Amino acid sequence: MSISDIFPEMFFDADRGSRTLLKLHELFIASGSRYPVAEFSQALSIPLRKCPDPDLAATSLLRFAEATMSTTSLFNDLVAYPVLMDVLIRILSSSQYFADILVRDPELFRWLTASDALVKPRNKEFLRDEVRRTMNMFQKPERKLDSLKRLYRREILRIGVRDVLGEAQLQTLTEELSHLADVLVDAACDVAFQQMGSRFPNQPQTPFAVLGLGKLGGSELNYSSDIDIIFVYKEEGELADANGRARTYHEYFNAFVEKLVLNLTQSSGEGHLYRVDTRLRPESGAGPLARSTHSYLLYYESRGELWERQMLIKARPIAGDIEFGEMFIAQLEPFVYPRSFFQNPKESIARIKARIESAIAGEENVKLRAGGIRDIEFVVQALQLINGGKNKTIRSRNTLEAVQQLAKADLLSKGEQHILAEAYTFFRTIEHRLQTMLNTQTYEMPDNFNELVTLARRVGLDSAEELQRKSLNYLAAVRTIFESVLITDSVPTKANLQTIIEGNPEEETIAVVLTGYNFHDTRKAAKNLRTMMSVRMSGEAREFDSRTRDAFREIAEELMTSIAGTSIPDMTLQNFAFIVNAHPFPDQLYKQLKEANYRRLLLTICATSPRIAKGLGKNLLLLDMLASDTESPGNVVFTAANLVAMKNQEELRAGIRHLLGITSFDELTAELTQIADAAVSFVVKDEFRRMRRKKTPIAILALGKYGTREINFDSDLDVLFIADAKTPAAKDKLERIATAFVNRLSIINEDGKLYDIDARLRPEGKSAPLVVDSKAYLAYLSKRASLWERQSLTRLRFVAGDRTLGERVIKLVDSIVYGSPLPSDWVEQIVSMRKKTESRSRSRDPEFIDIKLGAGGMVDIEFLAQMLQ
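These lines cover the structure that appears in this document, whether it is placed above or below. (Residues numbered from 1 in each chain as written. Predicted model: local features only at pLDDT ≥ 70, side-chain atom pairs only at ≥ 80, totals over all residues. Heavy atoms only, no water.)

1. A few points about the overall build of the protein
- On a plain count of helices and strands, the protein comes out with 40 helices and 12 strands.
- At 37 Å, the protein has a C-alpha radius of gyration far larger than the 29 Å of a compact globule built from 869 residues.
- Taken over the C-alpha atoms alone, the protein extends approximately 115 × 70 × 70 Å along its principal axes.
- For the protein, the share of sequence-separated contacts (at least 6 apart) that also reach a separation of at least 24 residues comes to 70%.
- For the protein, the exposed surface amounts to about 40,700 Å²; the carbon and sulfur share of it is 51%. (Helix = DSSP H or I, 4+ residues; strand = E, 2+ residues; numbered from the N terminus. Rg over C-alpha atoms; globule rule 2.2 N^0.38 Å. Contact = heavy atoms within 4.5 Å. Areas by Shrake-Rupley, 256 points an atom, 1.4 Å probe, with all protein chains shown as cover.)

Laid out in structure tokens, this is it:
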């Protein structure tokens, strides 16, 4: 009888488990093992029943056996030596990732179990020797990198199996993971120096170091962590490149670091080494990857933030010149551990943590949620920052070591020490079990019950209920310590506006507070509110500095009260948040908002027009210009610079003047028309200049709203091209110019486009050439033009080109439009035409009104006026 008959209840999916075991037994029989199948069943049943995930174990064992070179030898060993079966099942049931490594390289199982690989940790010197031996077998950089990836895969498996079998404590495991990263980053540096040799025959004569930060710096790396690193070289200088040109050390090291990061992150058939995060460097994504010692010191002395002090607690040289790296870190000590602070670090750290909590999606994040791993790290780092300037013994980079040191210094009680150490170990173990499952960077405990049961077993607990109970107890205990250490009177405890800005209150609290400010979508309002003091909405996300956040806190209550008084507070706040996050210096904007008139000016725009608010976000200087000068700029003159940007700026100015009540609607449309005229005139002259024609024997006439100077934002321009062409060749040339003109006005660039040109009101419409001969046009109007064409020509106006020709044509057109007798059924024709336009209305719902095409709308008014004309 097979194990699938005896133990079907051990699987979450009994049918699938039974099928897998049946295939395993068939493979065992086919292997020709010297043992009977019953002994195999018995040998497999005991570890399978005890393992965390029998489903995964059975499936992975089948895959592993199928991948093994000799299934006979494998099965014989597993039956003969139960310890081997037990070890293999525990590995395969604990991690899909480890199982995948074994399936890819089955011989690694014998290496693990037939050597001392699992018995003791490997120090950095041993790993460094292994790296040298591995790399020396190859010459090409890509082959060397592939050898490093194979070594990484083997060592991750070794460390992971020691973890699964309980052969090492958390601190030893994370230290081994960190040592492995150290030697691999150092080896990737050697490869990068080799790769740079083709561009630079010699290396800079100054030391260089890679500094690890975060968990890598603290020698407490995860299995699937990003590695946070920054790069420093000692001093500036010059060297010659392969072409003999002088290059600065800054150029060399930044090119070198790009190559190094690529070596670490780029995938090949052997996988990749590490995900690399370099955003903790000065100025984050905006700053250079590598800097000199002097550049770092100058930045931190003049602009360093408290979070950067906190981050540098864990800084550790991991590659390159280690001695130089240690000297550099020693130079940073006065910045990291000052004797006194202008602001209370506890308050700032508590605010940072509150913003982190507000950004996470759910309550299952063991790293970021209240009472989780980050709470423990922030308690430790806050106490180190405050007391480290006077007490060097507490400056440990490692969290568990720092907890011990803080307790020895009486900065934590013995009870707090035990809670923090136990909770940290417990949560980090959960984190490791989550990440080693699929080698993914995750911190979310599963909500699926079966997955939760499996996780509990992998952590060493009996049930999902025990896992949840223990987690909640540690979360509550850690949070109590966090609040006792970090929550000060400056951090809000009652539900108010500041609670939402700084903290992560319940949705009910958010709704109560923000409903009082007349917001309808309180969740979105809360998000916009936090965004305005923490993280940029566009581009690379980064924290605002303390000056900006303080400036916002000072104005927040007054600002929100003003926003609450606008017609649609939700829209006003959304538009305002866009402008803030587009501003290069938001602290200056917040200071300007203290002035009531300036605040009223900006909020009026945000409360009225999302379009203009977004335009203002892209053209921030315009607001200051308007605040001091609200007069019209007069005649608009375009230059050969970016025409679209100029048009956008002038339209924005006109729109703001109208929103502020400086101009009437008629004046707004006249200004927009004036801008269009200026753009059209410039493009026409420029196209003739390109064609090397001194004269412009063509007239551009406006029709429709453009003709009556009534265009709005985004209006098409209805135009007519009239010319006196003497020869067919001349007409062809004018046709090319007109086509180029249309294309140039309508082409789209990163700023948008100028205008859509509509020339369909010419004789024969869009099927005819763009340019119309003046004599032929007048003959057409006299003999063939329809009544609606006469009606459209009541709006004819000269815009650009040959003014004499244009005015002559307009005079003759007027004589036809107004002088020719009307047909007897002219009223019926116009009414019929109006009904056709009315049928094109997009509104079919009786609850909605089409104010342009609908009955009684703008087109009715236009038709009445034109009929009377």
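2. Some words on the pattern of salt bridges
- For the coordinates displayed, the defined rule picks out 51 salt bridges.
- Across the salt bridge formed by R291 and E283, the nearest N and O atoms sit 2.3 Å from each other.
- Judged by relative accessible area, R291 falls into the buried class, the value being 8%.
- Note on E283: relative accessible area 30%, which makes it partly exposed. (Salt bridge = Lys/Arg side-chain N within 4 Å of Asp/Glu carboxyl O. Buried < 20%, exposed > 50% of the residue type's maximum accessible area, 1.4 Å probe, protein only.)

3. Re the environment of L770
- Within the fold, L770 resides in the loop between β10 (757–758) and β11 (771–773).
- When sequence neighbours within four positions are dropped, the list of residues in contact with L770 reads F721, E735, A738, T739, V742, A759 and R762.

4. Brief notes about the packing of aromatic side chains
- Overall, the coordinates contain 23 aromatic pairs when judged by the stated rule.
- For the pair F427 and Y474, a centre-to-centre distance of 6.3 Å together with 70° between the ring planes defines the contact as edge-to-face. With F427 in helix α20 (residues 414–438) and Y474 in helix α22 (residues 464–486), this pair connects stretches of sequence that are 47 residues apart.
- Ring geometry for F721 versus F741: centroids 5.6 Å apart, planes at 85°, classification edge-to-face. Placement of F721 in strand β9 (residues 717–723) and of F741 in helix α35 (residues 728–746) is noted, with a sequence separation of 20 residues between them. Each member of the pair, F721 as well as F741, is classed as buried.
- An aromatic cluster is built from F193, F200, F208, Y233, Y252, F253 and F256, whose rings are joined through pairwise contacts.
- The ring of Y755 is capped by K647, whose NZ or CZ atom sits 4.7 Å from the centre of that ring. (Phe/Tyr/Trp six-rings, centres within 6.5 Å; stacked < 30°, edge-to-face > 60°. Lys NZ or Arg CZ within 6 Å of the ring centre and 35° of its normal.)

Bear in mind that shape data such as this cannot, by itself, settle questions of function.
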